[in-house]
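Now for the letters of each chain:
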Amino acid sequence: MTKPDIRVATFSGPGAAPRIESVPWPKVPDNAALIQIGACGVCGTDQHILKGHWPKPLPWPFTLGHEIGGVIVEKGARFTCDFMEKPLDIGSKVMIPPLMPCGHCYYCVHYPEQANKCLTPVYYGRYLGFEKAPHLWGGWAEYVYVDLDMLPGTKVYKLPDDMSLRLGALSEPLTSCIRAFNRAVRAGGFKWGDTVVIQGSGPIGILAVAAAREMGAGRVICVGAPEEPRLALARRFGAEATVDITQVTTPEDRIARVREIVGGFGADLVMDCSGHPSAGPEGIEFLRDGGTYVEMGQFTDAGKIETSWHRICSKDLNVLGSWAFTGNDLPLGVDMLYRARDKYPWLDMQTVYPFTEEGVANAVADAMAMRTVKSTIVPFPELVA
């Protein structure tokens, strides 16, 4: 029986419109699998790439999308378990991350906690060009292909059988937030009951609010915009107060407002999830002396800022960067989502778009305009019903 062609969205460069191509159904060898995509989010990184902000060369044309929840529809005989040794079969729900450390380079071997800085990672939805057969290397498609012999660093993670694939598609961005908080924990900068301020009310900011609450924050405040749909949702996720930057328009006034809300001498931890270069100098002034600032929002190079490092020294601050995650971090995101699946309005974050050229274009445009919190492309609605 002849199998149908598979539809894949590609982009020819920054600013280009999506183009849906059709490719043949691939032959799936012994240590590979074909995954039908139920949902894939539009990440801030995808937006920056399409704006031309990505600092490294990219293999245009290629398929974007790396927040993937899907179902195995075909697999080889040796493709038997996920990265955590959980058994996989036809019909297993899985997620695959974008950044997959190789496991054998200098950083992976000698500094496994920094395997996120792997020198030879596998990168779905970014560094695998469309021309590489079988052309199924990103999440804005009907199917994605994984092959552990062709790309040995590839990692697949099993999702609980009763987890929604839309929920599964949030596990990668949530994991980035969990790792950022764990960076602060290891540095002695975050403990149970601490007051946390999140800068940014996009999808990472909203997920960081939930992660903060789940990891023991006593109070969480979110600074961002717009009120609808973002700040209102942040409060539903557990932010006790929000500060709208379109209403409180100067850094001085926002600093005063945040300090008024938190009381005392300032917050214990501030995390930037905004991606805006001006967040740093403002955010450190939200902190008490001796507090911790975690920068996880500057994932692309959005420009330079003027700042006085004297403030870091004189306030005796911890300043930490957090870049993505390691292979061992991903199960934490899956587990948190599953444990707290009924505790937060996760799916209300997502605005669903069909897998058409117009649907993909609208998902990106609405995310860029902040009309959505998490634009999510759904090729097969029946998989996420």
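Bear in mind that the values here come from a model prediction, so they are computed numbers and not experimental data. (Residues numbered from 1 in each chain as written. Predicted model: local features only at pLDDT ≥ 70, side-chain atom pairs only at ≥ 80, totals over all residues. Heavy atoms only, no water.)

1. Concerning the overall build of the protein chain
Move 1: From N to C terminus, the protein chain includes twelve helices and 17 strands.
Move 2: In terms of overall size, the protein chain behaves like a compact globule, its C-alpha atoms giving a radius of gyration of 21 Å where 385 residues would be expected to give roughly 21 Å.
Move 3: Reported as C-alpha extents along the three principal axes, the dimensions of the protein chain are approximately 70 × 45 × 40 Å.
Move 4: Residue burial in the protein chain is summarised as follows: out of 385 residues, 58% are buried.
Move 5: Of the contacts made within the protein chain by residues no fewer than 6 positions apart, 71% connect residues no fewer than 24 positions apart.
Move 6: Accessible area for the protein chain stands at about 15800 Å²; split by element, carbon and sulfur atoms hold 53% of it. (Helix = DSSP H or I, 4+ residues; strand = E, 2+ residues; numbered from the N terminus. Rg over C-alpha atoms; globule rule 2.2 N^0.38 Å. Buried < 20%, exposed > 50% of the residue type's maximum accessible area, 1.4 Å probe, protein only. Contact = heavy atoms within 4.5 Å. Areas by Shrake-Rupley, 256 points an atom, 1.4 Å probe, with all protein chains shown as cover.)

2. A look at unusual backbone geometry
Move 1: For the bond from Trp60 to Pro61, the omega torsion is -10°, close enough to zero to count as cis.
Move 2: Looking at the secondary structure, you find Pro61 in the loop between helix 1 (44–50) and strand 4 (67–75).
Move 3: A cis amide bond links Ala225 to the next residue, Pro226, at an omega of -10°.
Move 4: You can see Pro226 is positioned in the loop between strand 11 (219–224) and helix 6 (227–236).
Move 5: A positive phi angle, close to 75°, is found at His135, a residue other than glycine.
Move 6: Although it is not a glycine, Ala324 sits at a positive phi angle of roughly 55°.
Move 7: Within the secondary structure, Ala324 is located in the loop between strand 15 (318–321) and helix 10 (330–339).
Move 8: Note on Ala324: relative accessible area 7%, which makes it buried.

3. What to know about a nonpolar patch on the surface
Move 1: A cluster of nonpolar side chains, namely Tyr106, Tyr107, Tyr111 and Leu119, defines an oily patch on the protein surface of about 430 Å² accessible area.
Move 2: Tracing the backbone through its elements, the reader meets Tyr107 in helix 2 (residues 106–110).
Move 3: Looking at Tyr107, the relative accessible area reads 32%, which means it is partly exposed. (Patch = residues over 30% accessible without salt bridge, like charges linked within 9 Å, V, L, I, M, F, W, Y side chains within 5 Å. Salt bridge = Lys/Arg side-chain N within 4 Å of Asp/Glu carboxyl O.)

4. Details of the packing of helix 4 (residues 171–186) against helix 5 (residues 203–214)
Move 1: One way to put it is that helix 4 packs onto helix 5 with a least axis distance of 9 Å and a crossing angle of 55°. Relative to helix 5, the element helix 4 lies oblique. Crossing hand, helix 4 versus helix 5: right-handed. Contacts between helix 4 and helix 5 pair Pro173, Leu174, Cys177, Ile178 and Phe181 from the former with Ile204, Leu207, Ala208, Ala211 and Ala212 from the latter. (Axes fitted to C-alpha atoms, helices over the stretch in contact; angles between N-to-C directions. Parallel < 35°, antiparallel > 145°, perpendicular 65-115°, else oblique. Left-handed = near helix turned anticlockwise from the far one by under 90°.)

5. Some details on the nonpolar core
A general trend in soluble globular proteins is that nonpolar side chains are found buried together.
Move 1: One finds Tyr124, Trp140, Phe181, Met271 and Trp346 to be the most contacted residues of the largest nonpolar core, which totals 106 residues.
Move 2: Excluding residues within four positions of it along the chain, Met271 makes contact with Ala180, Phe181, Val197, Ile198, Gln199, Ala208, Val294 and Met296.
Move 3: Ile221, Ala241, Val243 and Tyr293 belong to the second-largest nonpolar core, a separate cluster that totals 17 residues. (Core = buried A, V, L, I, M, F, W, Y, C linked by side-chain atoms within 4.5 Å.)

6. A look at the packing of aromatic side chains
Move 1: According to the stated counting rule, one finds 17 aromatic pairs in the structure shown.
Move 2: On the basis of an interplanar angle of 65° and a centroid distance of 5.8 Å, the ring pair of Phe11 and Trp140 is categorised as edge-to-face. Residue Phe11 is found in the loop between strand 1 (6–10) and strand 2 (19–23), and its partner Trp140 is found in the loop between strand 7 (122–123) and strand 8 (143–147); the two are separated by 129 residues along the sequence.
Move 3: On the basis of an interplanar angle of 65° and a centroid distance of 5.1 Å, the ring pair of Trp25 and Tyr143 is categorised as edge-to-face. Remark: Tyr143 occurs in strand 8 and Trp25 occurs in the loop between strand 2 and strand 3 (32–41); sequence separation between them is 118 residues.
Move 4: A residue is classified by how much of its surface remains accessible, and Tyr143, at 11% relative accessible area, is buried. (Phe/Tyr/Trp six-rings, centres within 6.5 Å; stacked < 30°, edge-to-face > 60°.)

7. Observations regarding the environment of Val378
Move 1: Relative to the assigned elements, Val378 resides in strand 17 (residues 374–378).
Move 2: Considering only alpha carbons, one finds Val378 and Val360, 18 residues apart in sequence, at a separation of 9.7 Å.
Move 3: Apart from residues lying up to four places away in sequence, Val378 is in contact with Gly38, Ala39, Val352, Tyr353, Pro354, Phe355 and Val384.

8. A look at the sheet that holds strand 12 (residues 241–244)
Move 1: Taken in spatial order, the six strands make up an open sheet running 12-11-10-13-14-15, and their pairing is parallel. Across the chains shown, the open sheet's two edge strands, defined by having one partner strand only, are strand 12 and strand 15. Averaged over all pairs of adjacent strands, the angle between strand axes in this sheet comes to 15°, irrespective of strand direction.
Move 2: The pairing of strand 11 with strand 12 spans four bridges and is classified as parallel. The residue of strand 12 that forms the bridge with Ile221 is Ala241. (Pairing = 2+ DSSP bridges.)

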